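What the coordinates show
Chain by chain, the residues:
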Amino acid sequence: MHTTKEMPKTDHRENITESVERGKALWEDNNCIGCHTLIGEGAYFAPELGNVFYRRGAGNHETFKAFMNGWMKAQPLRIPGRRQMPQFNLNDQEIDDLADFLKFTAEMDVNSWPPNIEG
Amino acid sequence: MNTLKFQSQSVAKPYFIFALMLFTGQILFGLVMGLQYVVGDFLGDAIPFNVARMVHTNLLIVWLLFGFMGAAYYLVPEEAETELYSPKLAIALFWIFAAAGTLTILGYLLVPYSTLAHMTGNDILPTMGREFLEQPTITKIGIVVVCLGFLFNLGMTILKGRKTVINLVLITGLIGLAVFFLFSFYNPANIALDKLFWWFVVHLWVEGVWELIMGAILAFILIKVTGVDREVIEKWLYVIIAMALITGILGTGHHFYWLSTPEYWQWIGSIFSALEPLPFFAMVLYAFNMVNRRRREHPNKAATLWALGTAVMAFLGAGVWGFLHTLAPVNFYTHGTQITAAHGHMAFYGAYVMIVLTIISYAMPKLRGIGESSSPKAQVVEMWGFWLMTIAMVFITLFLTGAGILQVWLQRMPESAEALGFMATQDKLAIFYWLREAAGVVFMIGLLTYLANFLVDRKKVAVTSGMPDTSGLQTDT
Ligand code: HEM
Ligand code: HEM
Ligand SMILES: [Fe+2]
């Protein structure tokens, strides 16, 4: 298929590290897609995460990792009536892996979707 | 009064009954999620949204599969004019599938998803945690085994009997269903490839092979209730499936717009998927045409209503609501919004829920030994169920479409600095979500009304069941 031959140029698969791979497995094992979209696919209950690296990490790796660590540990926020994200009890390494995975998805070239930073 | 042409058709009955039980569960969880959309912490600790969603969508898919299997066990012997190859195998597979399905749903509800993943060895062959494909790998293997047994049973029946167009289209669709499901075992570390091939299951099912299944079931029912010549109906069926496959296969491109895929997909996807409504439109013309040209008045009015309803609602949900967001410049803004949810609901309901309810409506009176049709009173109750569910679904779709348009307007259209964030936008959509939930309650009432129709004739069942009577009833063709 011509498409799968072209895709290495745009999906930046050269950046798939072991950490990104572990991050993808954690993403799946915790069913994050059951509430969130990732590049527009998934559930429509919670924010798009394909570009959260830019929205919450300003495109900076360290800032984003720090944000993710704080965010994952603070859940659930238990604001009455507000939609909730569960506590997944992940350790620092696992949260870093997830952050690396989400950084990878943000850096894929997807024909300039989404239209703006809010996803 | 036993009106079954072949006794082995009766294996369809447990499939249909179990399908309707799962359907009820699906709607219950839909209502839970609908409430969580507006009361965010409702049951949040016991049933997190993602769990409710998995249960809702997996129950949907599994009960539709039960429905398709029941339909095939009912229809294939009658078309092939021979008994089913092995009724015992069909019943054994029923229990295996029912047990595997129940265990999987209990797994979702009783243990955290990550625990379920570890328990079922997801590290060895990771296939879980992707939308609609959340089932543990071993459940997926179970599904494949059940499908193989099922296809074998049907294949042998068709081989020894009459080979009609309807049977061949149906079996082709069912084989396609099993084959494309195999892509669910392919889960590469590269998320772009993962997503690309995920659509080979999801899109090529609902906009490809499932359309063949739907077309075959619809054709069977139309022959039965209208008495129009088989040749005429078969010609339509050929045209419809040809259009479905030509537009549906390249139409997959409408999911490759924003996926690290070359930009030419924006053209291919837009052009071919814009033609996808055609087969659905053809089904409307054909269904109404056949009913208008009917050569007899079949006593089962409800089944005819379901058949016409399927054609119309599938066209609206898949054709019209699909077209609404399928062109790349539109999809750029609507991708992954409530517009998608609106379309998903009406398309699944209109095409696949309704076609299964159509064959159930036609076959159940015979399977229960009531006769050609249930009593007029039971049919009135059933038709109330039809209208309540269908109108409720129209409103669910309209409310979600309203929510989606506002969401696009507030969150997607403005520049980054001015756009409203996701959560703030959701707050503004609350009124639409409350209305959707209200329509959902009406849907549930409609479903309960529909189920009540089976109680109306229960006395007749008690009197006649267990009396095999095959004398002189094989009159219609
Ligand atoms: C036969 C009727 C129904 C069918 C065929 C159906 C089908 C579906 C499908 C296919 C999805 C996945 C949607 C997508 O990914 O775009 C879904 C999700 C959902 N359904 Fe239903 N559904 C039905 C009834 C209901 C009812 C009655 C309610 C509630 C009032 C409901 C609430 C939901 C919610 C809240 C979601 C999650 C949307 C999200 O991802 O945020 N459904 N349903
Ligand atoms: C009965 C047939 C159909 C069913 C059951 C169906 C169902 C669905 C569902 C459930 C989704 C959401 C998938 C997800 O969760 O990401 C979807 C997406 C989509 N469907 Fe359909 N569909 C059907 C036919 C069509 C047709 C005929 C068209 C085009 C004319 C169409 C256009 C689309 C598009 C463009 C999307 C992507 C939405 C997005 O970007 O978020 N569908 N469909
Ligand atoms: Fe599609």
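Residues numbered from 1 in each chain as written. Chains lettered and ligands numbered in written order. Predicted model: local features only at pLDDT ≥ 70, side-chain atom pairs only at ≥ 80, totals over all residues. Heavy atoms only, no water.

Moving on to the overall build of chain B. Broken down by element type, chain B carries 17 helices and zero strands. Summarising its shape, the C-alpha atoms of chain B cover approximately 75 × 50 × 40 Å along the three principal directions. By the burial criterion, 63% of the 477 residues in chain B qualify as buried. Sequence separation of 24 or more characterises 82% of the internal contacts of chain B that already satisfy a separation of 6 or more. (Helix = DSSP H or I, 4+ residues; strand = E, 2+ residues; numbered from the N terminus. Buried < 20%, exposed > 50% of the residue type's maximum accessible area, 1.4 Å probe, protein only. Contact = heavy atoms within 4.5 Å.)

Summing up its helical and strand segments, chain A has five helices and two strands in all. Going residue by residue from the N terminus, the α and β elements of chain A occur as α-α-β-β-α-α-α. For a compact globule of 119 residues, the expected C-alpha radius of gyration is about 14 Å, and chain A comes in at 15 Å, within 12% of that figure. In terms of its C-alpha atoms, chain A occupies a principal-axis envelope of roughly 50 × 30 × 25 Å. Per-residue burial for chain A yields a buried fraction of 55% across its 119 residues. Excluding contacts between residues fewer than 6 apart, the proportion of contacts in chain A whose partners are at least 24 apart in sequence is 56%. (Rg over C-alpha atoms; globule rule 2.2 N^0.38 Å.)

Taken together, 28 residues sit near ligand 1, with Tyr-37, Arg-53, His-56, Glu-131 and His-345 of chain B positioned nearest. In this structure, ligand 1 sits where chains A and B come together, each supplying nearby residues. A distance of 2.7 Å separates an oxygen atom of ligand 1 from a polar side-chain atom of Arg-53 of chain B. Between ligand 1 and the protein, one listed contact pairs a nitrogen atom with a side-chain N or O atom of His-345 of chain B at 2.8 Å. Among the elements of the structure, helix 1 (12-38), helix 2 (49-80), helix 13 (338-367), helix 14 (376-412) and helix 16 (430-456) of chain B are those that each provide at least two residues to the shell around ligand 1. In terms of residue count, helix 1 of chain B provides more of the shell around ligand 1 than any other element does, seven residues in total. Residue classes in the shell around ligand 1 are distributed as 17 nonpolar, seven polar and four charged. (Near = heavy atom within 4 Å. Polar contact = N/O pair within 3.5 Å; in protein donor to acceptor, adjacent residues only side chain to side chain. Nonpolar A, V, L, I, M, F, W, Y, C, P; charged D, E, K, R; others polar.)

The subject of this paragraph is the site of ligand 2. Around ligand 2 sit 27 residues in total, of which Glu-131, His-335, Gly-336, Thr-340 and His-343 of chain B are the nearest. Proximal residues around ligand 2 fall on chains A and B, making this an inter-chain site. Taking Glu-131 of chain B, its side chain carries an N or O atom lying 2.7 Å from an oxygen atom of ligand 2. Between ligand 2 and the protein, one listed contact pairs an oxygen atom with a side-chain N or O atom of His-335 of chain B at 2.5 Å. Of all the secondary structure elements, the ones that give two or more residues to the shell around ligand 2 are helix 7 (191-226), helix 10 (277-292), helix 11 (301-324) and helix 13 of chain B. Top element by residues in the shell around ligand 2 is helix 13 of chain B. It accounts for seven residues.

Bringing the coordination of the iron atom of ligand 2 into the picture now. Residues and elements named next belong to chain B. Donor atoms from the protein around the iron atom of ligand 2 number only one, His-343 (NE2), found at 2.0 Å. A separation of 4.4 Å is found between the iron atom of ligand 2 and the iron ion (ligand 3). Position of His-343 relative to the elements: it lies in helix 13. (Donors = N, O, S within 2.8 Å, 3.2 Å for Na, K, Ca; no water.)

The next subject is the coordination of the iron ion (ligand 3). Residues and elements named next belong to chain B. At 2.1 to 2.2 Å from the iron ion (ligand 3) lie its protein donor atoms, namely His-203 (ND1), Glu-207 (OE), His-254 (NE2) and His-255 (NE2). Considering all four donor atoms around the iron ion (ligand 3), angles at the metal cover 83 to 149° and the coordination shape is irregular. Positions of the donor residues of the iron ion (ligand 3), expressed as sequence spacing, correspond to H-x3-E-x46-H-H. (Tetrahedral: all angles 85-135°; square planar, octahedral: opposite > 155°, others 65-115°.)

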